[in-house]
Amino acid sequence: MEKIKSAVIGCGGIAQVHAQVLDAMEDVEIAAFADILPQRAQRMAEKYGGRAYESLEALLGAESPQVVHLCTPHYLHTPMAKLCAGRGIHVFTEKPPVISWDQWEEFKALKDQVRVGVCFQNRYNPSVKFLRQLLDGGKPGKVLGARAFVTWHREAPYYTESGWRGSLGTEGGGVLINQSIHTLDLLVQFLGKAAEVKASMGNHHLAGTIEVEDTLEAYIDFGGPKALFYASTAYCTDSPVLVELACENGTLRMEEEEVILFWRDGSVERRSLPVDGPVEGGKSYWGHSHRLCIRDFYRCVREGAAFPNDIPGVEDTIGLMLQIYDRARG
Ligand SMILES: NC(=O)c1ccc[n+]([C@@H]2O[C@H](COP(=O)([O-])OP(=O)(O)OC[C@H]3O[C@@H](n4cnc5c(N)ncnc54)[C@H](O)[C@@H]3O)[C@@H](O)[C@H]2O)c1
């Protein structure tokens, strides 16, 4: 089988996970890495093979990758995706694909040019798939309401040492667009497209250090069921993300890989559904489903199949995220 040539742009934290996943795929060759900090791209090239460049432009001038992975700061995903798509290169971008409505319009226009995938890897978590199947099977009945809590811990250096986090122009927002976008996405997976939202946000912990929110709450109307959404990086630790669906016949609670089903007749079922084999170097709060998500993207590229996290597949989540910011910013 001919190998698919890939390149990874941005060689910081999450790129390590992408490279490791790609390295283990027999049908992929990592042709090149790029980072504005050249030693980072160099280190990755030494470890995984391929050549190192100081920019996406330089890389594209010398290489012909078929797939580019965007592991750069948020504000760069859309312009970099456009550059690649304009050359017929498929794009697998880290979340969020955009930081504004304007970028979203530009990003959506790439839909028919190339295959575009967004890394919402938590959709591939066995616990998430289990709940989806349970709902589809009908046993829980209709979803009446939901709550989701992301309570994590981030200190000032996480922002100040990154060069891009904490600033509206480069991160686009705080705990919503960065950490809890995955959880918002899961609510959309379970409840569908949101109809209306009320939201507020603030900065409790790092006011004066960062200009983005560290805490955000939203009341989301999913056209019937309403969801309470709360996300903060002002907590003292990274507690497991909680998503709970109150249904006609019971309450389905998921705390990452742990699922508890409280049925209306008083019976309780517990399931532990871990992802098989975590990726080395990944932080536990990222989840471990990058491998499943990336492999699925390449399967879709090879087979010409639709990728679930393509542009139409993330539209309801991105629209909701931008709507929440509109409401919270007033
Ligand atoms: N899916 C997940 O669970 C998950 C987890 C962590 C991070 N992420 C996402 O991955 C992206 C990167 O996050 P990170 O934590 O790895 O950040 P990071 O700061 O560790 O890495 C970003 C890298 O991009 C490089 N860079 C900046 N501008 C560049 C440019 N113009 N060209 C090339 N390289 C450039 C930086 O030098 C840095 O090495 C973000 O979008 C983040 O939200 C996703």
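Residues numbered from 1 in each chain as written. Predicted model: local features only at pLDDT ≥ 70, side-chain atom pairs only at ≥ 80, totals over all residues.

Participant: Would you mind going over helix H4 (residues 77-86) with me for this structure?
Facilitator: In an α-helix there are 3.6 residues to a turn, and that puts residues three or four apart on one side. Buried residues of H4: His77, Thr78, Met80, Ala81, Cys84 and Ala85, and no others. Down the axis of H4, the buried set is contained in an arc of 165°. They therefore lie on one face. Turning to H4, the residues buried within the fold contact strand E1 (4-9), helix H3 (56-62), strand E4 (67-70), strand E5 (90-93), helix H5 (101-108) and strand E6 (116-118). Where H4 ends, the next residue or the one after it, Gly88, has phi of about 80°, a positive value. (Buried ≥ 20, exposed ≤ 12 C-beta atoms within 10 Å, placed from the backbone. Helix = DSSP H or I, 4+ residues; strand = E, 2+ residues; numbered from the N terminus. Arc of directions from axis to C-beta. Contact = placed C-beta atoms within 7 Å.)

Participant: I would appreciate a short explanation of the site of the ligand in the present structure.
Facilitator: By nearness alone, 26 residues border the ligand, and Gly10, Gly12, Gly13, Ile14 and Glu94 come closest of all. Top contributing element to the shell around the ligand by residue count: helix H1 (residues 13-23), with three residues. The class makeup of the residues in the shell around the ligand is 13 nonpolar, nine polar and four charged. (Near = placed C-beta within 6 Å. Nonpolar A, V, L, I, M, F, W, Y, C, P; charged D, E, K, R; others polar.)

Participant: Just checking my understanding: could you explain the sheet that holds strand E7 (residues 143-151) for this structure?
Facilitator: Pairing between the strands of a sheet comes from backbone hydrogen bonds, and it takes one of two forms, parallel or antiparallel. The eight strands are arranged E8-E9-E10-E7-E11-E12-E13-E14 in an open sheet whose pairing can be described as mixed. Across the chains shown, the open sheet's two edge strands, defined by having one partner strand only, are strand E8 (196-202) and strand E14 (268-272). Between one strand axis and the next, the sheet turns through 10° on average, direction left out of account. Pairing of strand E11 (residues 242-247) with strand E12 (residues 250-255), which is carried by six bridges, proceeds in the antiparallel orientation. (Pairing = 2+ DSSP bridges. Axes fitted to C-alpha atoms, helices over the stretch in contact; angles between N-to-C directions.)

Participant: Is there a simple way to explain the environment of Ser127 in this structure?
Facilitator: By secondary structure assignment, the location of Ser127 is in helix H6 (residues 126-137). Along the primary structure Ser127 and Glu256 are separated by 129 residues, whereas in three dimensions their C-alpha atoms are 7.1 Å apart. Aside from chain neighbours lying at most four places away, what touches Ser127 is Met254, Glu256, Glu257, Val259 and Leu273.

Participant: Teacher, can you tell me more about the sheet that holds E4 here?
Facilitator: The strand order across the open sheet formed by six strands is E3-E2-E1-E4-E5-E6, and the pairing between neighbours is parallel. One side of each edge strand has no neighbouring strand; the edge strands of this open sheet are strand E3 (51-53) and E6. The mean inter-strand angle of the sheet, taken between neighbouring strand axes irrespective of direction, is 20°. In the packing of H4 onto the sheet, the strands contacted are E1, E4, E5 and E6, and the crossing angle to E5 comes to about 160°.

Participant: Hey, could you run me through the pairing of E7 in this one?
Facilitator: Looking along a regular strand, one sees the side chains alternate between the two faces of the sheet. Judged from the six bridges that link them, E7 and E11 form a sheet pairing that is antiparallel. Each residue of the ladder has a partner; that of Val143, found in E11, is Cys247. In this sheet, strand E10 (residues 226-232) lies alongside E7 in parallel orientation, the contact comprising seven bridges. Bridging from a neighbouring strand, Ala148 pairs with Phe229 of E10.

Participant: Explain the environment of Ile318 here, please?
Facilitator: With respect to the element layout, Ile318 can be found in helix H11 (residues 311-329). In this structure the C-alpha to C-alpha distance between Ile318 and Leu252, which are 66 residues apart in sequence, comes to 25 Å.

Participant: Any chance you could explain the domain arrangement of the chain here in plain terms?
Facilitator: Put simply, an interface is often sized by how much accessible area is lost when its parts join up. Split into domains, the chain comes out as domain 1 (4-121) and domain 2 (123-275 + 312-329). Opposite the 14 residues of domain 1 that make contact, domain 2 presents 15 residues. For the side of domain 1 that touches domain 2, the class distribution of residues is 10 nonpolar, three polar and one charged. (Domains from an automatic or database assignment.)

Participant: I would appreciate a short explanation of the pairing of E1 in the present structure.
Facilitator: Pairing of E1 with strand E2 (residues 28-34) involves six bridges; the strand directions are parallel. The residue of E2 that forms the bridge with Ala7 is Ala32. As for the winding sense of the linkage, the β-α-β connection from E1 through H1 to E2 is right-handed. (Right-handed = clockwise from strand over helix to strand, strands pointing away.)

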